Amino acid sequence: MPRSLIHVLAWPLLGVFLIALPHVLSFSQQEILAYLVFNVLLVASYRLLTLTGEWSLGHVVIMGVGAYGSALYTKHFGVPVPVSMLLGAGTAALIAMVLSYPLFRMKGFYFLIGSFAAGEIIRLLWKRYREPFGGPKGLKRIDPMPDIDIGIWSFDFFEPVSYYYFALAVVAVCLWIMWRIERSPVGLTFHAVHWQDNLAESAGVNVRAYRTLAFVIASGFAGLSGALMAHYIGTINPTSFDVEQMVFVLTWAIVGGTATFYGPILGCVVLTILNEIVLREMGFEQMRPMIYGLVMILSVLFLPKGLESIVQRLVGRKPAPGALAEPTRMEDRA
Amino acid sequence: MIAKFFQKGVSRRKFLGTTASAAGLGLVGSTLPKRAFAADKTVKVGFLAPLTGPVAAWGKPGLDGCEIWAEWVNDAGGLEIGGETYAVEFVGYDNEYDPAKARAGATKLIREDGVKFIMMLGGDTWAGVERVADQTGMLFSTLLPSDLGPETTTLIAPAEVHPVYNVTGVEWMAEQHPDLKTAVICAQDDALGLPSVATYLAAFEAAGIEMQQEPLLFDPATTDFAPVVTKLISDNPDIVCLDTCYADYVHPIVEQLFQQGYEGQIISCTADFYDQMVEKTSKEFMEGFIFQFPDFDDPELNKDFINFKDPNKFFEVYNERHPGEWGAVSWEYASIMDLWAAAAQKAGSVEPDAVLEAMTADGSGKHAFGDADWWGEDLFGIDHALVGNWPVVRIEDGKARIMAYKSIPEWYDKHGELLKKHMADFGQMWNQRG
């Protein structure tokens with residue numbers, strides 16, 4: 001089949017697959033599917049940040065800023081949930097903008113540690129102040145997404161399938177925007193800032209401004225994923241956004257690979273299915289941490305360019321033009 | 001976030017001793033193997049608690065205890081309910097103390113496994129499950145009554161009224177050692193530590209014991225407890241209170257108290273795996289350590305008013321199967337099952353609403369440590385906590401021994417306002433949450 005035809009058919013087929021998917025899953029798998037969609041947005045936004053060469057340890061906390069922001073806007077100001085989600089995302093972007101001033105005085109490993117410290121400060125503020133953040137217990141009974149009736153369709157967003165469709169639509173739009181950004185001159189400049197920052201600077205590129213831009217945009221999307229999560233689960237607390245969660249995001253990105261747009265998404269999907277469905281279904285409920293860790297070690301040893309390299313070999317193509325970079329790995333930064 | 005994994009506290013689970021091997025040997029699959037019995041039907045009960053991760057010590061031993069409970073019930077022919085005989089089967093789901101996973105787990109247990117009752121540790125995870133409970137009407141239990149509120153109509157706290165029972169330890173200690181006049185307290189700054197701090201402060205105040213310092217709240221990520229302990233004992237207090245710290249904190253704090261030469265009284269909510277603490281310090285140092293959770297081989301548990309069936313045998317079987325893993329929750333979930341089974345038999349049904357109605361109808365119930373009352377509106381906004389006597393335990397010659405049973409309601413009748421004041425100061429009253 002001609003490659004162009006495959007390309008034309010791929011997106012509609014993917015769309016049909018994603019729409020049909022929840023109907024072949026069990027109830028608990030539908031729940032996991034909904035969380036998977038939030039996490040896809042989170043990890044995709046993380047890759048956008050890494051395009052400029054900086055790896056952050058505060059991305060999950062920024063996700064939490066969006067979650068807390070959105071929850072508080074609905075709780076205290078009565079803002080409708082969809083609007084509060086956008087405001088939460090905006091708040092995350094705004095906080096990222098503020099953090100960028102001290103953080104982008106650093107690079108590489110120092111930025112990594114600085115981002116961790118900044119994230120911990122935010123997290124500890126949530127724990128410290130019961131008003132308005134709820135202290136260690138966090139926020140509970142966060143307003144859910146209101147049910148919607150559109151003609152013959154009725155969406156009860158307590159149900160995972162309804163929320164999945166809602167989140168899928170939101171995340172699809174976000175991924176499209178991120179993909180467009182990466183393919184735009186701005187995205188190419190992000191790559192240039194990563195791989196040839198001195199050259200880019202000599203050509204008149206404001207390297208720091210572009211790093212800040214990537215950080216802010218990525219944080220906005222991370223904040224939106226947090227908001228989607230908060231209004232579904234109905235509760236958030238500082239532990240939901242601690243460094244252990246960040247390790248997951250890093251793992252998804254590392255195992256999936258970051259040379260392509262889909263690499264981290266692939267990592268997130270495969271590892272989540274492995275951890276939450278396959279191992280549980282196989283009866284390895286309490287051995288999952290050990291097996292999951294083993295899989296990660298094996299993938300780093302035997303798939304150093306990530307799961308995306310398997311896909312590339314299967315379809316026989318190199319990373320897309322927008323992804324000029326070799327796989328961006330933590331060890332490269334050291 | 002859906003994910004938490006191996007990074008989370010592998011070292012912390014060292015207190016479970018044989019985590020990996022135990023998982024490999026006995027815990028592959030958390031449902032009970034089906035046994036041969038005369039039962040007509042099987043009723044499934046959900047066990048939705050952390051089975052891995054740093055909080056696993058308050059989940060996994062409970063499931064192990066439940067498996068023994070079910071085995072005994074099923075071997076005896078099952079439960080006679082409404083003219084039919086039911087075998088009991090537990091279906092476990094590891095929520096990793098994550099609200100999102102707890103929600104997914106509750107959905108699975110209710111909608112896929114068809115359970116009739118779900119036992120939880122509670123805490124952060126209850127918040128993730130609350131809407132599922134609202135929508136389905138499923139009966140849930142929690143070990144943490146701070147989850148209760150006027151709207152949690154299908155949630156019960158029938159085993160432990162944490163942290164209110166901690167008042168009994170302080171009361172007994174003050175009666176026995178009136179010379180102890182000053183105290184300090186430390187706790188992790190989280191949802192478990194804070195209400196317990198409020199309770200201990202009320203209990204100390206009621207007993208006329210003066211606090212030397214403000215409560216020392218440390219971050220749950222703390223690993224070096226030397227500076228914590230140095231500050232704690234800097235004024236040479238008569239009593240060091242370890243609040244409701246996780247085992248991961250109690251052990252290093254006690255080691256530090258030993259190494260830094262503290263010679264006063266220690267009181268704590270729990271002392272899980274205390275034999276390891278005795279090994280790390282000394283019998284002499286641990287002598288007189290007061291806490292609230294007995295070993296079930298204690299002869300005091302054979303008294304007539306104890307409702308837990310054959311506690312000594314239960315302890316023996318548990319330790320044969322899971323040596324070194326006996327902890328505070330090993331018996332609690334099983335004791336909840338005693339209450340549930342009695343209520344189901346009384347109702348003649350396993351349906352959640354009928355069982356709840358039968359359980360709470362006359363305002364009293366048979367708690368593991370004696371007859372008790374459904375109580376809590378004052379503190380939790382709803383009378384869904386089963387409160388009665390609670391044991392005070394002391395380590396003597398390296399072994400935990402029950403010293404007395406003290407009445408929680410009697411203490412509350414005298415000092416309830418004090419408790420409410422301290423709870424309110426820490427934002428822990430039901431109407432101050434979230």
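Computed from a prediction, not measured in an experiment: that's the story for all the values here.

**Notes on the overall build of chain B**
Then, number 1: Each helix and strand counted, chain B has 15 helices and 17 strands in total.
Then, number 2: For 434 residues, the compact-globule estimate of 2.2 N^0.38 gives 22 Å, and the C-alpha radius of gyration of chain B, at 21 Å, lies within 12% of that figure.
Then, number 3: Overall, chain B is about 65 × 45 × 45 Å in size when its C-alpha atoms are taken along their principal axes.
Then, number 4: Here chain B holds 434 residues, and the buried ones make up 58% of them.
Then, number 5: Intrachain contacts of chain B at a sequence separation of at least 6 include 68% that bridge at least 24 residues.

**Thoughts on the overall build of chain A**
Then, number 1: Of the regular secondary structure elements, chain A holds 15 helices and two strands.
Then, number 2: The C-alpha atoms of chain A give a radius of gyration of 20 Å, which matches the 20 Å a tight globule of 334 residues would have.
Then, number 3: With respect to the three principal axes, the spread of C-alpha positions in chain A is 50 × 50 × 45 Å.
Then, number 4: Taking as baseline every contact in chain A between residues at least 6 positions apart, the subset at least 24 positions apart corresponds to 75%.

**Structural notes on the sheet that holds strand 4 (residues 117–120) of chain B**
Residue and element names in this part refer to chain B.
Then, number 1: The six strands are arranged 2-3-1-4-5-6 in an open sheet whose pairing can be described as mixed. If you trace the sheet from one side to the other, it starts and ends with strand 2 (79–81) and strand 6 (155–156), each paired once.
Then, number 2: Both strand 2 and strand 3 (residues 84–94) contribute to a ladder of three bridges, which runs antiparallel. Each bridged residue has a counterpart across the sheet, and for Leu79 the counterpart in strand 3 is Tyr86.
Then, number 3: Together, strand 1 (41–49), strand 3 and strand 4 form the strand contacts of helix 3 (residues 99–112), whose direction differs from that of strand 1 by roughly 180°.

**Some thoughts on helix 8 (residues 247–259) of chain B**
Residue and element names in this part refer to chain B.
Then, number 1: Between the first and last C-alpha of helix 8 there are 18 Å, a value that for 13 residues agrees with the 18 Å anticipated at 1.5 Å per step.
Then, number 2: Along helix 8, the residues that are buried comprise Ala247, Asp248, Tyr249, Val250, His251, Pro252, Ile253, Val254 and Leu257.
Then, number 3: Where helix 8 is buried, its residues meet strand 7 (182–188), helix 7 (226–232), strand 10 (239–241), strand 11 (265–267) and helix 9 (274–280).
Then, number 4: At the C-terminal side of helix 8, Gly261 shows a positive phi close to 80°.

**Comments concerning unusual backbone geometry**
Then, number 1: For the peptide bond that leads from Glu131 of chain A to Pro132 of chain A, omega is 10°, which places it in the cis range.
Then, number 2: Here Pro132 of chain A is to be found in helix 6 (residues 130–133).
Then, number 3: In this model, His162 of chain B is joined to Pro163 of chain B through a cis peptide bond whose omega is 0°.
Then, number 4: Within the secondary structure, Pro163 of chain B sits in the loop between strand 6 and helix 5 (166–176).
Then, number 5: For Asp310 of chain B, which is not glycine, the phi torsion reads 45° and is therefore positive.
Then, number 6: When the 14 C-beta atoms within 10 Å are taken as the criterion, Asp310 of chain B is described as partly exposed.

**A closer look at the pairing of strand 17 (residues 399–407) of chain B**
Residues and elements named next belong to chain B.
Then, number 1: The pairing of strand 16 (residues 389–396) with strand 17 spans eight bridges and is classified as antiparallel. Its bridge partner being in strand 17, Ile395 is matched across the sheet by Ala400.
Then, number 2: With antiparallel pairing between neighbouring strands as the criterion, strand 16 and strand 17 make up a hairpin whose turn holds two residues, including Asp397 at a positive phi of roughly 50°.

**With respect to the pairing of strand 13 (residues 364–367) of chain B**
Residues and elements named next belong to chain B.
Then, number 1: Where strand 13 meets strand 14 (residues 370–375), four bridges bridge the pair, whose relative direction is antiparallel. Paired with Ser364 across the bridge in strand 14 is Asp373.
Then, number 2: Remark: two residues form the turn of the hairpin made by strand 13 and strand 14, two consecutive strands paired antiparallel.

**Topic: helix 5 (residues 108–128) of chain A**
All names here are of chain A.
Then, number 1: Along its 21 residues, helix 5 runs 30 Å from first to last C-alpha, staying within 8% of the 30 Å computed at 1.5 Å per residue.
Then, number 2: Where helix 5 is concerned, the buried positions are Phe111, Gly114, Ser115, Ala118, Gly119, Arg123, Trp126 and Lys127.
Then, number 3: Summarising the contacts, the buried residues of helix 5 are in contact with helix 3 (59–77), helix 4 (81–103) and helix 6.

**Focus: the domain arrangement of chain B**
Residues and elements named next belong to chain B.
Then, number 1: Here the domain parsing of chain B yields domain 1 (12–162 + 304–387) and domain 2 (166–295 + 389–432).
Then, number 2: Computed from C-alpha atoms alone, the centre-to-centre distance between domain 1 and domain 2 is 27 Å.
Then, number 3: With 24 residues of domain 1 at the contact, the number on the domain 2 side is 23 residues.
Then, number 4: Of all the secondary-structure elements, those providing two or more residues to the side of domain 1 that touches domain 2 are strand 14 and helix 14 (377–380).
Then, number 5: When its residues are assigned to classes, the side of domain 1 that touches domain 2 shows 13 nonpolar, seven polar and four charged.

**Focus on the sheet that holds strand 15 (residues 385–387) of chain B**
All names here are of chain B.
Then, number 1: On the basis of which strands lie adjacent, the open sheet formed by three strands has the order 13-14-15 and antiparallel pairing. One side of each edge strand has no neighbouring strand; the edge strands of this open sheet are strand 13 and strand 15. When strand polarity is set aside, the average angle formed by the axes of neighbouring strands in this sheet is 40°.

**Side note on the packing of helix 2 (residues 60–75) of chain B against helix 11 (residues 311–321) of chain B**
Residues and elements named next belong to chain B.
Then, number 1: Axis separation between helix 2 and helix 11 bottoms out at 10 Å; the angle between their running directions is 120°. When the axes of helix 2 and helix 11 are compared, the pair comes out oblique. Between helix 2 and helix 11 the crossing geometry is right-handed. Contact residues: Asp64, Gly65 and Ile68 in helix 2; Phe314, Val317, Tyr318 and Arg321 in helix 11.
Then, number 2: The residue makeup of the contact of helix 2 with helix 11, split by class, is four nonpolar, one polar and two charged.

**Some thoughts on the confidence of the model for chain B**
All names here are of chain B.
Then, number 1: Counting all residues, the mean pLDDT for chain B is 89, and 91% of those residues have values of 70 or more.
Then, number 2: Here residues 1–36 is modelled with pLDDT under 50, and outside its nearest four sequence neighbours on either side it reaches 72 contacts, counting other chains as well.
Then, number 3: Both scores are available for the predicted complex, with the pTM at 0.84 and the ipTM at 0.83.

**What about the environment of Leu379 of chain B?**
All names here are of chain B.
Then, number 1: Among the secondary structure elements, Leu379 is positioned in helix 14.
Then, number 2: Sequence-wise, Leu379 and Ala424 are 45 residues apart; in three dimensions their C-alpha atoms are separated by 10.0 Å.
Then, number 3: Dropping the residues within four chain positions of it, Leu379 is found in contact with Lys420 and Met423.

**Examining the confidence of the model for chain A**
Residue and element names in this part refer to chain A.
Then, number 1: Averaged over every residue, the pLDDT of chain A is 89; the share at 70 or more is 94%.
Then, number 2: Across chain A, the element-wise mean pLDDT spans from 45 in helix 15 (residues 330–333) up to 97 in helix 3.
Then, number 3: Within the model, the stretch residues 321–334 combines pLDDT values under 50 with 26 contacts to residues more than four positions away or in other chains.

**As for the environment of Leu51 of chain B**
Then, number 1: Residue position: Leu51 of chain B is located in the loop between strand 1 and helix 2.
Then, number 2: Exposure remark for Leu51 of chain B: the 25 C-beta atoms within 10 Å place this residue in the buried category.

**Considering the environment of Thr136 of chain B**
Then, number 1: Among the secondary structure elements, Thr136 of chain B is positioned in helix 4 (residues 124–136).
Then, number 2: On the neighbour-count criterion, Thr136 of chain B (16 C-beta atoms within 10 Å) is partly exposed.

Cut-offs and rules
Residues numbered from 1 in each chain as written. Chains lettered and ligands numbered in written order. Predicted model: local features only at pLDDT ≥ 70, side-chain atom pairs only at ≥ 80, totals over all residues. Helix = DSSP H or I, 4+ residues; strand = E, 2+ residues; numbered from the N terminus. Rg over C-alpha atoms; globule rule 2.2 N^0.38 Å. Buried ≥ 20, exposed ≤ 12 C-beta atoms within 10 Å, placed from the backbone. Contact = placed C-beta atoms within 7 Å. Pairing = 2+ DSSP bridges. Axes fitted to C-alpha atoms, helices over the stretch in contact; angles between N-to-C directions. Expected span 1.5 Å × (residues − 1). Domains from an automatic or database assignment. Nonpolar A, V, L, I, M, F, W, Y, C, P; charged D, E, K, R; others polar. Parallel < 35°, antiparallel > 145°, perpendicular 65-115°, else oblique. Left-handed = near helix turned anticlockwise from the far one by under 90°. pLDDT = per-residue confidence, 0-100.

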